[in-house]
Amino acid sequence: MFRRSYELMEKMLKVYVYQDGEKPIFHQPILDGIYASEGWFMKHMEANENFVTKDPGKAHLFYLPFSSRLLELTLYVRNSHSRTNLIEYMRNYADMIAAKYHFWNRTGGADHFVAACHDWAPAETRGPLLKSIRALCNADIEVGFSIGKDVSLPETYVRSAQNPLKNLEGNPPSQRPILAFFAGNMHGYVRPLLLDYWGNKDPDMKIFGPMPHVKGNTNYIQHMKSSKFCICPRGHEVNSPRIVEAMFYECVPVIISDNFVPPFFEVLDWESFAVIVLERDIPNLKNILVSISEEKYIEMHKRVKKVQKHFLWHSKPEKYDLFHMILHSVWYNRIFRIRPA
């Protein structure tokens, strides 16, 4: 079904990209760091010749190319603890699009979409944008993420904008002596619990706070490449770049984030290549992992390698890569919400 849907998208889909909006908030992609997904998608969407049409009358979808990260960097007043002006800015932009063009009003914005990776994007895209398709890294059903309309945007930590595939690959299962690994800052409420239960408690469970910084992050990367399971707990929000990072280094991700909607769940069977653990089951984490047989683990590792291609950015988009998967999810959700006349 996915292959047929994908091929139909390649043949049919036309996207109109609005030229309205001033830099840096619009049309200026950030290609590295933890919010890079929105930037790479913007870069590839605006440059695409297969899907993009200059004739809005031929478009099935309309893309609003804004950066939630640059909106925050440009407009947020430090220590104000207020996002009102960011929300107002995006509301005014949507109102301007609706007043200037008639396309928005035909569907109330239901055929328009954004791709936004900053934690605050669900709030920034309230108001008129709430009816549009929102590809969000913060895919949290408790803060308004709408399954079947919105799209879970994979959060990707791109270390090199020049070479987004740098250090891709990991060790084979026989060279992964560590059962489970996590290292990171203690954002949110789940990570401190993880550290309390498992930090320095068990030689099989390498659970740390922030690791000392080493050039190229080699210590952290080596741990990921040498671990069977990479723990991906939520931080302040439900999403984590570690999920894609684990697959990048061919480590089976263990997702601990109760209200998180995994990317591409309409296409991928997450439980065949990832372990999903309820937050309340953190004390039982090791038992859950050791109960997975070696045979099942090897099969999961193979599947991680198989799905990895769907989570990679390329300098030029490739078939079934992350750019195409995000666009397919937007297309898929739009098609299934159109009611026959």
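Relevant structure appears above.
Residues numbered from 1 in each chain as written. Predicted model: local features only at pLDDT ≥ 70, side-chain atom pairs only at ≥ 80, totals over all residues. Heavy atoms only, no water.

(A) Spatial organisation of the overall build of the protein chain. A tally of regular secondary structure across the protein chain gives twelve helices and ten strands. For 341 residues, the compact-globule estimate of 2.2 N^0.38 gives 20 Å, and the C-alpha radius of gyration of the protein chain, at 20 Å, lies within 12% of that figure. Seen through its principal axes, the protein chain has C-alpha atoms that stretch 60 × 50 × 35 Å. A burial count over the protein chain gives 55% of its 341 residues as buried. Once local pairs closer than 6 in sequence are excluded, the contacts in the protein chain between residues at least 24 apart make up 70%. Surface summary for the protein chain: the accessible area is close to 15,800 Å², and the carbon and sulfur share equals 51%. Side-chain charges of the protein chain comprise 42 positive and 37 negative groups, with the mean position of each set lying 3 Å from the other. (Helix = DSSP H or I, 4+ residues; strand = E, 2+ residues; numbered from the N terminus. Rg over C-alpha atoms; globule rule 2.2 N^0.38 Å. Buried < 20%, exposed > 50% of the residue type's maximum accessible area, 1.4 Å probe, protein only. Contact = heavy atoms within 4.5 Å. Areas by Shrake-Rupley, 256 points an atom, 1.4 Å probe, with all protein chains shown as cover. Lys, Arg positive; Asp, Glu negative; His and termini not counted. Charge placed at Lys NZ, Arg CZ, Asp CG, Glu CD.)

(B) Structural context of the pattern of salt bridges. Under the definition given, this model contains ten salt bridges. With its nearest N and O atoms 3.0 Å apart, the salt bridge here joins Asp-150 to Arg-134. Of this pair, Asp-150 sits in the loop between strand E4 (133-136) and strand E5 (151-152) while Arg-134 is found in strand E4, placing the two residues 16 residues apart along the sequence. Like Asp-150, the residue Arg-134 is buried in the burial classification. Among the salt bridges present, the one from Lys-149 reaches Asp-150, with a minimum N-O distance of 2.6 Å. For the pair Lys-149 and Asp-150, a shared accessibility class is recorded, and that class is buried. (Salt bridge = Lys/Arg side-chain N within 4 Å of Asp/Glu carboxyl O.)

(C) How the structure looks around the sheet that holds strand E2 (residues 61-63). Sheet architecture is open: five strands sit in the order E1-E2-E3-E4-E5, paired in parallel fashion. A strand with exactly one partner marks an edge of an open sheet, and here the two such strands are strand E1 (15-17) and E5. Strand direction decides the pairing type here: E1 and E2, joined by three bridges, are parallel. Residue pairing in the sheet places Val-17 in a bridge with Tyr-63 of E2. Sitting on the sheet, helix H2 (residues 36-47) touches E1, E2 and strand E3 (112-116), and the angle it makes with E3 is about 135 degrees. (Pairing = 2+ DSSP bridges. Axes fitted to C-alpha atoms, helices over the stretch in contact; angles between N-to-C directions.)

(D) The arrangement of the side chain of Glu-155 in detail. Residue placement: Glu-155 occurs in the loop between E5 and strand E6 (178-183). Buried and without a salt bridge, Glu-155 has Arg-191 as its closest oppositely charged side chain, separated by 7.7 Å. Looking at Glu-155, its side chain comes within polar contact range of the side chain of Asn-239, at 2.7 Å. Apart from residues no more than four positions distant in its own chain, Glu-155 is found in contact with Ile-34, Ser-37, Cys-117, Cys-137, Asn-239, Ser-240, Pro-241 and Val-244. (Polar contact = N/O pair within 3.5 Å; in protein donor to acceptor, adjacent residues only side chain to side chain.)

(E) Up close: helix H11 (residues 294-307). Between its first and last C-alpha, H11 extends 20 Å over 14 residues, near the 20 Å set by a 1.5 Å rise per residue. On its buried face, H11 is in contact with strand E8 (227-233), helix H9 (242-248), strand E9 (252-256) and strand E10 (275-276). (Expected span 1.5 Å × (residues − 1).)

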